[in-house]
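# Structural features, examined
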Amino acid sequence: MNMTKLIYYGFGGFIGFVCAIVINIIFMWVEESGNPILSNLVRNHGTFGHYLIKLFNYLPLFGVALGVILVRILFQDQWENGNIDK
């Protein structure tokens, strides 16, 4: 793996992480404003609600993974054809 691919993957992971953090902050602000979306998950859905809240807490890690996967999908043709430095 060369340096160009690592930079692209790192940038994709960073953008995914930042987007996930922003989504996390928005949900936190909604909870603080008095609209209990996440806390109602446990009351309405029980164990499945606990599972969803745990998944929501790992959203930044999913954002990193999805950012890297998105870069892989978007730039795969350029890397295979040699349009981006190898």
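Residues numbered from 1 in each chain as written. Predicted model: local features only at pLDDT ≥ 70, side-chain atom pairs only at ≥ 80, totals over all residues. Heavy atoms only, no water.

For the chain, the helix and strand inventory stands at four helices and zero strands. Listing each helix as α and each strand as β along the chain from the N terminus yields α-α-α-α. The C-alpha radius of gyration computed for the chain amounts to 18 Å, which surpasses the reference 12 Å derived for 86 residues by more than 25%, pointing to a less compact arrangement than a globule. Its C-alpha atoms put the chain at 55 × 25 × 15 Å along the principal axes. For the chain, buried positions account for 20% of its 86 residues. Approximately 6400 Å² of the chain is accessible, and the part contributed by carbon and sulfur atoms is 68%. With 5 positive and 5 negative side-chain charges, the chain shows a spacing of 8 Å between the two charge centroids. (Helix = DSSP H or I, 4+ residues; strand = E, 2+ residues; numbered from the N terminus. Rg over C-alpha atoms; globule rule 2.2 N^0.38 Å. Buried < 20%, exposed > 50% of the residue type's maximum accessible area, 1.4 Å probe, protein only. Areas by Shrake-Rupley, 256 points an atom, 1.4 Å probe, with all protein chains shown as cover. Lys, Arg positive; Asp, Glu negative; His and termini not counted. Charge placed at Lys NZ, Arg CZ, Asp CG, Glu CD.)

This brings us to the environment of Ser39. Residue placement: Ser39 occurs in helix 2 (residues 37-45). Look at Ser39 and you get partly exposed, because its relative accessible area is 29%. Here the alpha-carbon distance between Ser39 and Gln76, two residues 37 residues apart in the chain, equals 41 Å.

With that out of the way, let us pick up the confidence of the model for the chain. Summary statistics for the chain give a mean pLDDT of 88 and a share of 94% for residues scoring 70 or more. Mean pLDDT values over the elements of the chain span from 86, in helix 2, up to 92, in helix 1 (residues 3-32). (pLDDT = per-residue confidence, 0-100.)

Moving on, we get to the environment of Trp79. Its place among the elements puts Trp79 in helix 4 (residues 59-81). By relative accessible area, Trp79 is classed as buried at 6%.

Okay, helix 1 next. Taking 1.5 Å of rise per residue, the 30 residues of helix 1 would be expected to cover 44 Å, and the 43 Å separating its terminal C-alpha atoms lies within 8% of that figure. Where helix 1 is concerned, the buried positions are Tyr9, Gly12, Gly13, Gly16, Ala20 and Asn24. The elements touched by buried residues of helix 1 are helix 3 (47-57) and helix 4. With its phi angle positive at about 110°, Gly34 sits one or two positions after the end of helix 1. (Expected span 1.5 Å × (residues − 1). Contact = heavy atoms within 4.5 Å.)

Summed over all chains, the structure comprises three aromatic pairs. Pairing Tyr8 with Phe75 gives two aromatic rings, centres 4.9 Å apart and planes at 85°, and the pair type is edge-to-face. In this pair, Tyr8 sits in helix 1 while Phe75 sits in helix 4, placing the two residues 67 residues apart along the sequence. On the basis of relative accessible area, Tyr8 is assigned to the partly exposed category, the value being 29%. Residue classification places Phe75 among the partly exposed positions, given a relative accessible area of 25%. Plain terms: the ring middles of Phe27 and Phe56 are 5.1 Å apart, the flat faces sit at 75° to each other, and that makes the pair edge-to-face. Of the two residues, Phe27 is situated in helix 1 and Phe56 in helix 3; the sequence distance between them amounts to 29 residues. (Phe/Tyr/Trp six-rings, centres within 6.5 Å; stacked < 30°, edge-to-face > 60°.)

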